[in-house]
Amino acid sequence: MTMLPCVCWLQPVLMVLTSVFWTRGENCPATCLCPDPHTVDCSGRGLTHLPDEIPLDVRRLLLADNWIPRIPSDFLVLYSDLVYLDLRNNTLSYIEPGTLSTSSRLVFLDLGSNNLTEIPKGTFGESRSLIKLRLGNNPYLSMVNEDAFLGLTSLRELELERNALSSLKVGALSQLPSLRVVRLEGNPWVCNCNFASLFAWLMENSQKLPNGVEGMECSLPMDGRRVSLTQLSNDSFRECQASLTLTDLLIIIFSGISVSVVAIMTSFFLASTVHCFQRWSKGSKGDEEESEE
Ligand SMILES: *[C@@H]1O[C@H](CO)[C@@H](O)[C@H](O)[C@H]1NC(C)=O
Ligand SMILES: *[C@@H]1O[C@H](CO)[C@@H](O)[C@H](O)[C@H]1NC(C)=O
């Protein structure tokens, strides 16, 4: 009997608590599942846009296997608790620069199997928490800016496999201080002189490639034949530097010659003009003297 007042006091508290959790549950978007208070799972629901009414405190948002074509640039400002965002296998074609804000808590971002064509500078802001970024299997992704990943100081894993990359500025990778794993295989790399510095970086960092350089191929600029990177060495690109300096040398020599020729012609022209003028003025002076006599 002495316990009764205590229970009476507990009951309303419990009711309030339940109603809080009930409201949370109601916040789950209609077509999605919310297995725990911080996870919203809308994978494979045929969504053509982001669902409305995603709870603002969501931490794990699973949106894979839908038809979502864009995410608003302020998305991570709104959902600032997001840690894990899976947008794999959607129809995203463009990520507005700054979509990942500096204050973002995002650790994992999957944009694989989408329709991205380009990763411009500053796309990911300075998302210092981001550890894993998946961008593979975007069949039209042919341009990754040298500063695309600038500021991603915690990024450990970067996936760029099976895209349409024929070249990549080495700075895009060498600017990542925490990078441990990078996937680049299955791209139509062309091993021309633009590839030389990336090749040198790959040789030095082959332990970061899951299958080493064996897993990577490039096509030769001469005949398009595909070769494994293991068949190449830094020596294969030595010619690049040589031909480059040779071209430079030719340009320098040629422009030197042109400048000299022009200079010689100009001075010759000037000299003959002066000479003619002197002769003419002398001649006319003589005439004057003659007429005075
Ligand atoms: C991608 O999503 C579509 C649509 O939901 C689905 O039919 C397809 O099986 C998914 N592809 C993969 C590789 O999961
Ligand atoms: C993907 O992009 C290509 C070329 O940019 C376009 O032709 C195609 O329609 C796009 N597909 C989807 C599903 O958006």
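Structure: above.
Okay, so let's go over this structure. (Residues numbered from 1 in each chain as written. Chains lettered and ligands numbered in written order. Predicted model: local features only at pLDDT ≥ 70, side-chain atom pairs only at ≥ 80, totals over all residues. Heavy atoms only, no water.)

### A short note on the site of ligand 1
All residues adjacent to ligand 1 are Asp-65, Trp-67 and Asn-89. Between ligand 1 and Asp-65 there is a distance of 2.9 Å, counted from an oxygen atom to a backbone nitrogen or oxygen. Here an oxygen atom of ligand 1 sits 2.3 Å away from a polar atom, N or O, in the side chain of Asn-89. Across the complex, the protein chains shield 38% of the 360 Å² of accessible surface that ligand 1 would expose by itself. (Near = heavy atom within 4 Å. Polar contact = N/O pair within 3.5 Å; in protein donor to acceptor, adjacent residues only side chain to side chain. Areas by Shrake-Rupley, 256 points an atom, 1.4 Å probe, with all protein chains shown as cover.)

### A word on empty space enclosed by the protein
A full pass over the atoms with the stated rule returns one cavity of 30 Å³ or more. Put simply, the largest cavity is a space of about 40 Å³. In this structure, the largest cavity is lined by Glu-185, Leu-209, Pro-210, Asn-211, Gly-212, Gly-215 and Met-216. Across the lining of the largest cavity, the residue classes tally to three nonpolar, three polar and one charged. (1 Å grid on protein atoms, 1.4 Å probe; cavity = no way out; pocket = protein on both sides within 12 Å on 5 of 7 lines; lining within 4 Å. Points joined across faces, edges and corners; volume = space filled by probe spheres on them. Nonpolar A, V, L, I, M, F, W, Y, C, P; charged D, E, K, R; others polar.)

### Concerning the pairing of strand β1 (residues 33–36)
Taken together, the two bridges between β1 and strand β2 (residues 39–41) define a ladder with antiparallel strand orientation. Bridge assignment links Leu-33 to a residue of β2, and that residue is Asp-41. Hairpin connection, β1 to β2: the antiparallel pair is bridged by two residues. (Pairing = 2+ DSSP bridges. Helix = DSSP H or I, 4+ residues; strand = E, 2+ residues; numbered from the N terminus.)

### A word on the layout of surface pockets
A probe matching the size of a water molecule, rolled over the atoms, marks out where space remains unfilled. Approximately 230 Å³ is the volume attributed to the largest pocket. Every residue lining the largest pocket is counted, twelve residues in all, and those nearest its centre are Cys-191, Pro-221, Met-222, Ser-236 and Phe-237. For the lining of the largest pocket, a count of residues per class yields eight nonpolar, three polar and one charged. In this model, the second largest pocket occupies a volume close to 180 Å³. As for the second largest pocket, its lining consists of ten residues, and the residues nearest its centre are Ala-196, Phe-237, Arg-238, Cys-240 and Gln-241. Top contributing element to the lining of the second largest pocket by residue count: helix α5 (residues 238–292), with four residues. For the lining of the second largest pocket, the residue count by class is six nonpolar, two polar and two charged.

### Thoughts on the pattern of salt bridges
Opposite charge on two side chains allows them to pair when their charged atoms are near. Taken as a whole, this structure holds eleven salt bridges when the rule is applied. One salt bridge connects Glu-185 with Arg-183, and the closest N-O pair in it is separated by 2.6 Å. Taking the relative accessible area as the measure of exposure, Arg-183 reaches 23% and is therefore partly exposed. Arg-238 is paired through a salt bridge with Asp-235; the nearest N and O atoms lie 3.1 Å apart. Given a relative accessible area of 56%, Arg-238 falls into the exposed group. The exposure class assigned to Asp-235 is partly exposed, which follows from its relative accessible area of 47%. Overlapping salt bridges, with partners in common, bring together Arg-88, Asp-110, Arg-134 and Glu-159 in one network. (Salt bridge = Lys/Arg side-chain N within 4 Å of Asp/Glu carboxyl O. Buried < 20%, exposed > 50% of the residue type's maximum accessible area, 1.4 Å probe, protein only.)

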